[in-house]
Amino acid sequence: DGGITQSPKYLFRKEGQNVTLSCEQNLNHDAMYWYRQDPGQGLRLIYYSQIVNDFQKGDIAEGYSVSREKKESFPLTVTSAQKNPTAFYLCASKPVLGTANTEAFFGQGTRLTVV
Amino acid sequence: QKEVEQNSGPLSVPEGAIASLNCTYSDRGSQSFFWYRQYSGKSPELIMFIYSNGDKEDGRFTAQLNKASQYVSLLIRDSQPSDSATYLCALYRGTGRRALTFGSGTRLQVQP
């Protein structure tokens, strides 16, 4: 089945620790995205990538880093510089061609908690 | 001003009624508009999208777009308790940032 897989589903981070969230897709989509969602809030864009080896900052990139070495994979690292990382993280992908009129498909999300 | 504005709700409607969800946006250059439904603790799922002025119908759902007024809405006919969720409005600019921008969502409660 085609889709987007995020792992882990739940992640606990200690203060000062870096953690990496995995996102893999087999939809052959060029564009991939990371969003953050806080309770009762909408989705805020962290980073996005339209093509392998290229990515752009979104609205809240500080304290996060990404890489796009393969078309299928777009991992997100939450660094110790992110002071309030507890949130629900969503990865999405989308075709680039005709992209204005195509939906973004979402993974199941990773819930990150600082302990 | 937020790029995408939604009333947070909750919007409460009785079962079988029409639910009307509204969204306004600030960037006149926005090309297309998406409605996602999100159940608590789950990821968003697409209901429908619209990019031309007017109405677009899909089953019990109708999206309405008025670019002159910078307004997009979602109507849910014959609302069911299973429609109770948060509805997220999103737009795609098409120029500059090539990513969906989301509103904060409207929580809908359908009372049995």
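As shown above, the structure is provided for reference.
Quick caveat: nothing in here was measured; it's all calculated off a predicted structure.

About the thresholds
- Residues numbered from 1 in each chain as written.
- Chains lettered and ligands numbered in written order.
- Predicted model: local features only at pLDDT ≥ 70, side-chain atom pairs only at ≥ 80, totals over all residues.
- Heavy atoms only, no water.
- Helix = DSSP H or I, 4+ residues; strand = E, 2+ residues; numbered from the N terminus.
- Buried < 20%, exposed > 50% of the residue type's maximum accessible area, 1.4 Å probe, protein only.
- Contact = heavy atoms within 4.5 Å.
- Polar contact = N/O pair within 3.5 Å; in protein donor to acceptor, adjacent residues only side chain to side chain.
- Pairing = 2+ DSSP bridges.
- Axes fitted to C-alpha atoms, helices over the stretch in contact; angles between N-to-C directions.

S.K.: Could you give me a rundown of the environment of Tyr48(A), with the residues and numbers involved?
M.R.: Residues and elements named next belong to chain A. Within the element layout of this structure, Tyr 48 appears in strand S5 (residues 43-51). Residue classification places Tyr 48 among the buried positions, given a relative accessible area of 7%. Separated by 45 residues in sequence, Tyr 48 and Ser 93 have C-alpha atoms that sit 9.3 Å apart.

S.K.: So what about the environment of Asn7(B)? Which residues, and what values?
M.R.: Residues and elements named next belong to chain B. You can see Asn 7 is positioned in the loop between strand S1 (4-5) and strand S2 (11-14). Asn 7 sits in the exposed class, given a relative accessible area of 57%. Residues Asn 7 and Pro 44, 37 residues apart in the sequence, show an inter-C-alpha distance of 18 Å. In this structure, Asn 7 is in contact with Gly 105 and Thr 106, ignoring residues within four places of it in sequence. A polar side-chain atom of Asn 7 sits 2.9 Å from the main-chain amide nitrogen of Gly 9.

S.K.: Go over the sheet that holds strand S7 (residues 64-66) of chain A, please, and point to the residues and values.
M.R.: Residue and element names in this part refer to chain A. In spatial order, the strands read S1-S3-S8-S7; together these four strands make up an open sheet with antiparallel pairing. The open sheet has two free edges, formed respectively by strand S1 (4-7) and S7, since each of these has just one partner strand. Across this sheet, the average inter-strand angle for adjacent strands is 20 degrees, counted without regard to direction. In the sheet, S7 pairs with strand S8 (residues 76-78) via three bridges, with the strands oriented antiparallel. The residue bridging Val 66 from the neighbouring strand is Leu 76, located in S8.

S.K.: Which residues make up unusual backbone geometry, and what are the values?
M.R.: Between Ser7(A) and the following residue, Pro8(A), the backbone shows a cis peptide bond with an omega angle of -5 degrees. Tracing the backbone through its elements, the reader meets Pro8(A) in the loop between S1 and strand S2 (10-13). Geometrically, the link from Gly9(B) to Pro10(B) is a cis peptide bond, its omega value of 10 degrees lying close to zero. Along the chain, the position of Pro10(B) falls in the loop between S1 and S2. Phi is positive for Asn28(A), close to 60 degrees, though the residue is something other than glycine. On the secondary structure map, Asn28(A) appears in the loop between strand S3 (19-25) and strand S4 (31-37). In this structure Asn28(A) comes out as exposed when scored by relative accessible area, which is 57%.

S.K.: An account of the side chain of Arg93(B) is requested, with residue identities and associated values reported.
M.R.: Residue and element names in this part refer to chain B. For Arg 93, the location among the structural elements is in the loop between strand S9 (85-92) and strand S10 (100-102). Among the polar contacts made by the side chain of Arg 93, one reaches the side chain of Glu 3 at a distance of 2.8 Å. Leave out the neighbours within four places in its chain, and Arg 93 touches Glu 3, Asp 27, Gly 29, Ser 30 and Gln 31.

These figures capture arrangement, not role.
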